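# Architecture and fold: a report
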Amino acid sequence: MNTRQYNLKSIRPEILSSTINDNMSNDERFQNLVLRPIIKLQNDLFIEVFKNYIAKHKMVFYGYSLEKRLLYIENAINKDIKFRNSLKGMVIAMFTVEEYLIYIQNSSALNKRMMQIVKERLISNVQLFEQPEVLKAV
């Protein structure tokens, strides 16, 4: 095993709730063995990237109700192609070459799974997206 491949796999968190069995599809197996651990590893980065996304979009997010914030997250991931591609890049960059070769065989379906998991992670962390306090001079 080459150094990059070993290093990438060694830093991924183990997800005990993910099950692997003979009845699952190849996409589901890839999702549980590769995508979920990578997305969990990158969670803190996704949070900061989304905070930056909010800031670059005039911070309108902070004026929304919880329901509209959840919709905002979903729309950002589903409709903003540049943002979506950026998120995909953060996941794909953590693939081994072998995993990438598997990924490109069915990238469309795997991208949907990937973005669904990222969206769920951002939604579950919505409480972290509060408007930062502005420090005032005394």
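For the structure, see preceding data.
In this report, we go over the structure that sits alongside the text.

## A closer look at the packing of aromatic side chains
Counting across every chain of the model gives 14 aromatic pairs. Seen in terms of ring centroids, Phe-50 and Tyr-53 are 5.8 Å apart; in terms of plane orientation they differ by 15°. Their pairing is stacked. Of this pair, Phe-50 and Tyr-53 both sit in helix 3 (residues 43–56), 3 residues apart, which is roughly one turn of the helix. Overall, Phe-50 belongs to the buried group, its relative accessible area being 0%. The exposure class assigned to Tyr-53 is buried, which follows from its relative accessible area of 11%. Ring plane angle 75° and centroid distance 6.3 Å describe the contact between Phe-50 and Tyr-72, whose orientation is recorded as edge-to-face. Of the two residues, Phe-50 sits in helix 3 while Tyr-72 sits in helix 4 (residues 66–79), which places them 22 residues apart along the sequence. With respect to class, Phe-50 is no different from Tyr-72; both count as buried. Through a chain of ring-to-ring contacts, the aromatic side chains of Phe-50, Tyr-53, Phe-61, Tyr-62, Tyr-64, Tyr-72, Phe-83 and Phe-129 assemble into a single cluster.

Here is what the cut-offs are and how they apply
Starting afresh in each chain, residues are numbered from 1 along the sequence in its written order. Owing to the predicted nature of the model, reporting of local features is limited to residues with pLDDT of at least 70; listing and counting of side-chain atom pairs is limited to 80 or more, with chain, interface and lining totals taken over all residues. With hydrogens and water excluded, all non-hydrogen atoms of the structure serve as input to the side-chain values. To pair, rings of Phe, Tyr and Trp, with the six-membered ring standing in for Trp, must have centres within 6.5 Å; the planes then decide the type, stacked if under 30 degrees apart, edge-to-face if over 60, and tilted in the middle. What counts as a helix is a DSSP run of H or I of at least four residues, what counts as a strand is a run of E of at least two, and both are numbered from the N terminus. Burial classification: accessible surface area is computed with a 1.4 Å probe over protein chains only, and a residue below 20% of its type maximum counts as buried, one above 50% as exposed, and the rest as partly exposed.

Read these as geometric descriptors, not functional statements.
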